[in-house]
Amino acid sequence: MKELKKEVQWTDLVAQTLRELHELGGTRQEIEDTLRIMPFHPAMVRGTTGLKSRGKTTFLCLSNANIIFITTILKSKGLESLFDEIVTNPAEWDPSGLLKLSRRVDPSGPQHACKVGCSPNMCKGDELDAFLKRHQPDFDRIVYVGDGSNDLCPVLRLRKQDAVFCRRFRGLYNLIKPYEEEGRLACQVQYWTGAWEAEMLLDQL
């Protein structure tokens, strides 16, 4: 997949891989079991659930994964009520047990006009703006936690009272550093490497 993703859009590639797995006899149960045993650092669980329990934060999951992967993992960790809204690629099981995955932005319809570098399946900046519009009036502060290169677009739209918690040495880190060093970011930046550092940052909110 590492080589193919240079030529095939990522969401399409995952959908293709799921079809191939199904043809080889891979089952829904096997996929769900694999998702349920994926590691989930306890410090990240403590940080997010602790913040949620204080009752002043709305949680948005903005992801280039898919709704089946996300909800299956969250439910297996007892976190199905953590997010107030999940914005991601649609997916559903068909009667044969195939997990059918598609892009959030349908390739046969109007495309987003992102110039920052978002993947064709979704502009995270547009999706964040749409979420904020749905939940007006404005939030006092937005804290964006991310690590992928596709997180740059929404981060560039944050305000001076907002913050990004950026994971070091991942795609977003490599892209955001020049913006920060040149003073082109309006928001505050906090860096983290391990989940325990993210927990400390969340505990300070």
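Residues numbered from 1 in each chain as written. Predicted model: local features only at pLDDT ≥ 70, side-chain atom pairs only at ≥ 80, totals over all residues. Heavy atoms only, no water.

**Student:** Would you explain the packing of helix 3 (residues 42-53) against helix 8 (residues 195-203) in this entry?
**Tutor:** Each pair of packed helices can be described by the angle between their axes along with the distance between the axes. Packing of helix 3 against helix 8 brings their axes to within 8 Å, and their N-to-C directions diverge by 15°. Considered as vectors, helix 3 and helix 8 are oriented roughly parallel to each other. Relative to helix 8, helix 3 is oriented so that their crossing is left-handed. Residues Ala-43, Met-44, Arg-46, Gly-47, Thr-48 and Leu-51 of helix 3 form the contact with helix 8, whose own contacting residues are Ala-195, Trp-196, Ala-198, Glu-199, Leu-202 and Asp-203. Looking at the contact of helix 3 with helix 8 residue by residue, the classes come out as 7 nonpolar, 2 polar and 3 charged. (Axes fitted to C-alpha atoms, helices over the stretch in contact; angles between N-to-C directions. Helix = DSSP H or I, 4+ residues; strand = E, 2+ residues; numbered from the N terminus. Parallel < 35°, antiparallel > 145°, perpendicular 65-115°, else oblique. Left-handed = near helix turned anticlockwise from the far one by under 90°. Contact = heavy atoms within 4.5 Å. Nonpolar A, V, L, I, M, F, W, Y, C, P; charged D, E, K, R; others polar.)

**Student:** Can you help me understand the nonpolar core in this one?
**Tutor:** Nonpolar side chains in soluble globular proteins tend to end up buried together. Ranked by size, the top nonpolar core spans 20 residues in total, and within it Val-155, Leu-158, Val-164, Cys-166, Leu-172 and Ile-176 carry the most contacts. At the level of secondary structure, the elements contributing two or more residues to this core comprise helix 5 (124-134), helix 6 (152-156), strand 6 (163-167), helix 7 (171-181) and strand 7 (188-192). (Core = buried A, V, L, I, M, F, W, Y, C linked by side-chain atoms within 4.5 Å. Buried < 20%, exposed > 50% of the residue type's maximum accessible area, 1.4 Å probe, protein only.)

**Student:** What is the right way to look at helix 4 (residues 67-76) in this model?
**Tutor:** One full turn of an α-helix is made of 3.6 residues, so residues set three or four places apart face in the same direction. Of all the positions in helix 4, only Ile-68, Ile-70, Thr-72, Ile-73 and Leu-74 are classed as buried. Among the structural elements, helix 2 (28-36), strand 1 (60-66), strand 2 (85-89), strand 3 (91-93) and strand 4 (99-101) are those in contact with the buried residues of helix 4. Near the N-terminus of helix 4, the side chain that reaches the backbone nitrogen of Ile-68, with its oxygen 3.0 Å away, is that of Asn-66. (Polar contact = N/O pair within 3.5 Å; in protein donor to acceptor, adjacent residues only side chain to side chain.)

**Student:** Honestly, helix 3 in this entry has me stumped. Any pointers?
**Tutor:** The end-to-end C-alpha distance of helix 3 is 16 Å, a good match for the 16 Å that 12 residues give at a rise of 1.5 Å each. For helix 3, the full list of buried residues reads Ala-43, Met-44, Gly-47, Thr-48, Gly-50 and Leu-51. With its buried residues spanning 160° around the axis, helix 3 presents them on a single face. Packed against the buried residues of helix 3 are strand 7 and helix 8. Once helix 3 ends, the next one or two residues include Gly-55, with phi positive near 75°. (Expected span 1.5 Å × (residues − 1). Arc of directions from axis to C-beta.)

**Student:** Teacher, can you tell me more about the pattern of salt bridges here?
**Tutor:** Once their charged atoms are close, side chains differing in charge can pair, the charge on each being opposite to the other. Overall, the coordinates contain 17 salt bridges when judged by the stated rule. Across the salt bridge formed by Arg-134 and Glu-85, the nearest N and O atoms sit 2.3 Å from each other. Linking Arg-134 in helix 5 with Glu-85 in strand 2, this pair joins segments that are 49 residues apart in sequence. Looking at Arg-134, the relative accessible area reads 43%, which means it is partly exposed. Between Glu-182 and Arg-184 there is a salt bridge, with its nearest N and O atoms 2.8 Å apart. The class for Arg-184 is partly exposed, based on a relative accessible area of 47%. (Salt bridge = Lys/Arg side-chain N within 4 Å of Asp/Glu carboxyl O.)

**Student:** How do you make sense of the sheet that holds strand 7 when you look at a structure like this?
**Tutor:** Two modes of strand pairing occur in sheets, parallel and antiparallel, and in both the strands are linked by backbone hydrogen bonds. Reading across the sheet, the 3 strands line up as 5-6-7 and stay open at both edges, with parallel pairing between neighbours. Across the chains shown, the open sheet's two edge strands, defined by having one partner strand only, are strand 5 (143-146) and strand 7. In this sheet, neighbouring strand axes are inclined to one another by 20° on average, regardless of whether the strands run parallel or antiparallel. As paired elements, strand 5 and strand 6 share 4 bridges and run parallel to each other. Bridging across to strand 6, Val-145 finds its partner in Phe-165. Running at roughly 145° to strand 7, helix 8 makes contact with strand 6 and strand 7 of the sheet. (Pairing = 2+ DSSP bridges.)

**Student:** Can you walk me through the pairing of strand 6 in this structure?
**Tutor:** Look at any regular strand and the pattern is simple: side chains alternate between the two faces of the sheet. Within strand 6, 4 of the 5 residues are buried, which leaves it mostly tucked inside the rest of the structure. Here strand 6 pairs with strand 7 via 5 bridges, running parallel. What sits directly across from Cys-166, in strand 7, is Tyr-191. The β-α-β motif built from strand 6, the intervening helix 7 and the parallel element strand 7 has right-handed crossover chirality. (Right-handed = clockwise from strand over helix to strand, strands pointing away.)

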